[in-house]
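# Inside the fold
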Amino acid sequence: SITINNGLNTITSSSGILDFTNNNLLTTGRVGIGTATPQSSLQIASGYLQIPFISGAPPDADCDSDSKAGRITFDIIHRLFWVCRGAEAWGALAL
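To start, this report covers the structure provided alongside it. This is a predicted model, so every value here is computed, not measured. (Residues numbered from 1 in each chain as written. Predicted model: local features only at pLDDT ≥ 70, side-chain atom pairs only at ≥ 80, totals over all residues. Heavy atoms only, no water.)

### A look at the pattern of salt bridges
Where charged atoms from two side chains of opposite charge come close, those side chains can pair. For clarity, the cut-off: For salt bridges, the criterion is a side-chain nitrogen of Lys or Arg within 4 Å of an Asp or Glu carboxyl oxygen.
A full pass over the atoms with the stated rule returns 1 salt bridge. We note a salt bridge from Asp 64 to Lys 68, for which the minimum N-O separation is 2.9 Å.

Now the structure itself:
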């Protein structure tokens, strides 16, 4: 179930709170798109996950610390997925 509270600028559901004042999603578990019972941290029941693309390698500054590990982008020119390995910098995965 979903509750909308305009006075607090929030939408509350059984899986978390979306706070429009602070642009936060505070979850107590898993997030599902198209499913009420997600089986992982983020589950998309149907359709596609679209990852942003770039032309060429991503900037080193976008992957210069462990706090940035896990970022993913796609190089449309060379057909490579780039994955940030944190302090180890970007790693490329060819299709």
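### Brief notes about the nonpolar core
Operational definition: Throughout this description, the term nonpolar core refers to a set of buried Ala, Val, Leu, Ile, Met, Phe, Trp, Tyr and Cys residues connected via side-chain atoms within 4.5 Å. Categorising residues by exposure relies on relative accessible area from a 1.4 Å probe, with only protein chains included: less than 20% of the type maximum marks a residue as buried, more than 50% marks it as exposed, and the intermediate range marks it as partly exposed. By the criteria applied, helices consist of DSSP H or I runs no shorter than four residues and strands consist of E runs no shorter than two, each listed in order from the N terminus. Two residues qualify as a contact provided that any one of their heavy atoms is within 4.5 Å of a heavy atom in the partner residue.
In terms of nonpolar packing, the biggest core is built from 5 residues, these being Cys 63, Leu 80, Trp 82, Cys 84 and Trp 90. In terms of residue count, the dominant contributor to this core is strand β9 (residues 80–84) (3 residues). When near neighbours in sequence (up to four residues on either side) are disregarded, Trp 82 contacts Gly 56, Ala 57, Pro 58, Arg 71, Ile 72, Thr 73, Asp 75, Trp 90, Gly 91 and Ala 92.

### Quick word on the packing of aromatic side chains
Geometrically, a pair of aromatic rings is defined through the distance of the ring centres and the angle of the planes. Selection rule: Whether two aromatic rings pair depends on their centres lying within 6.5 Å, for rings of Phe, Tyr and Trp, where Trp uses its six-membered ring; planes under 30 degrees apart make the pair stacked, over 60 edge-to-face, and the rest tilted.
By the definition in use, this model includes 1 aromatic pair. Seen in terms of ring centroids, Phe 74 and Phe 81 are 4.9 Å apart; in terms of plane orientation they differ by 55°. Their pairing is tilted. With a relative accessible area of 13%, Phe 74 lands in the buried category.

### Looking at the environment of Gln 43
Relative to the assigned elements, Gln 43 resides in strand β6 (residues 42–44). Judged by its relative accessible area of 24%, Gln 43 falls in the partly exposed class. Separated by 11 residues in sequence, Gln 43 and Gly 32 have C-alpha atoms that sit 4.9 Å apart. Excluding residues that lie within four positions of it along the chain, Gln 43 makes contacts with Val 31, Gly 32, Ile 33, Thr 35, Thr 37 and Pro 38.

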